[in-house]
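# What the coordinates show
Here is how the chains run, residue by residue.
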Amino acid sequence: MLELWKSRRARKAAVATIRPLVERTRFANGNISDDRWMDAYMVGFLTMLITLIAQRRVDTIGSEALGIVQADAWQEITGLPGQLVGEEACLLSANGHRDFMRGCHNAGKLESALTAQSGFHWFNSGNPDLDGTVETGGTRRMLDDTEIHALWSEYFERPLLSIAFPSSADRHEGWQH
């Protein structure tokens, strides 16, 4: 029962942190196609960001529960089935896919900036305000923070808009399903 409660808290923290940023991107750039979400970089970036935020919110969480958090948060954020990304992330990780690893690395940088910018405050509050953003220390909101927005633009929007839609074989660099 405790793992279920931890999973719920972890998923809610990840979704409350990431979805407002994604919605801001959708508002500025239009809908995000399924192909773009499933790009190796995006899979690495988003699953790692979900993982890091979930682990920050809940000190200890089992690997099975964390997998459920990743799948459920992915589905809430992207609208795509969570099982789809779980399999894809495992295959890309096992293959050491370069773009997947770069996405994971950049998610770590963004999560570090989120933590440094607002301390531990908004990770621990878990109380989004009415428009879905989470208050940072003081009166600034996360979505209005220029440093966070610049990093989000660099690590999420720029790669998202530059994905060239490679063929499935190219995207997976030769591994077989």
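A brief report on the enclosed structure follows. (Residues numbered from 1 in each chain as written. Predicted model: local features only at pLDDT ≥ 70, side-chain atom pairs only at ≥ 80, totals over all residues. Heavy atoms only, no water.)

Moving on to the packing of aromatic side chains. Taken as a whole, this structure holds 6 aromatic pairs when the rule is applied. Between Trp-37 and Trp-74, the ring centres sit 6.2 Å apart and the planes meet at 70 degrees, which makes this aromatic pair edge-to-face. Of this pair, Trp-37 sits in helix H2 (residues 34-37) while Trp-74 sits in helix H4 (residues 63-78), placing them 37 residues apart in sequence. We note that Trp-37, like Trp-74, is buried. Relative to Phe-156, the ring of Trp-152 has its centre 4.3 Å away and its plane inclined at 20 degrees; by these criteria the two rings are stacked. Of this pair, Trp-152 and Phe-156 both sit in helix H8 (residues 146-162), 4 residues apart, which is roughly one turn of that helix. Taking relative accessible area as the criterion, Trp-152 reaches 0% and is therefore assigned buried. The buried category is assigned to Phe-156, whose relative accessible area is 0%. Every member of this aromatic cluster is reached through a ring pair, and the members are Trp-37, Tyr-41, Phe-45, Trp-74, Trp-152 and Phe-156. (Phe/Tyr/Trp six-rings, centres within 6.5 Å; stacked < 30°, edge-to-face > 60°. Helix = DSSP H or I, 4+ residues; strand = E, 2+ residues; numbered from the N terminus. Buried < 20%, exposed > 50% of the residue type's maximum accessible area, 1.4 Å probe, protein only.)

Here helix H3 (residues 40-57) spans 26 Å end to end across 18 residues, near enough to the 26 Å set by a 1.5 Å rise per residue. Along H3, 14 of the 18 residues are buried, which leaves the element largely enclosed by surrounding structure. One side-chain oxygen at the N-terminal end of H3 lies 3.0 Å from the backbone nitrogen of Tyr-41; it belongs to Asp-39. (Expected span 1.5 Å × (residues − 1). Polar contact = N/O pair within 3.5 Å; in protein donor to acceptor, adjacent residues only side chain to side chain.)

Here we come to the packing of H3 against H8. In the contact formed by H3 and H8, the axes pass within 10 Å of each other and the chain directions differ by 145 degrees. Crossing geometry of H3 relative to H8 is assigned as left-handed. Contact residues: H3 offers Tyr-41, Met-42, Phe-45 and Leu-49, while H8 offers Trp-152, Tyr-155, Phe-156, Pro-159 and Leu-160. Looking at the contact of H3 with H8 residue by residue, the class counts come to 9 nonpolar, no polar and no charged. (Axes fitted to C-alpha atoms, helices over the stretch in contact; angles between N-to-C directions. Left-handed = near helix turned anticlockwise from the far one by under 90°. Contact = heavy atoms within 4.5 Å. Nonpolar A, V, L, I, M, F, W, Y, C, P; charged D, E, K, R; others polar.)

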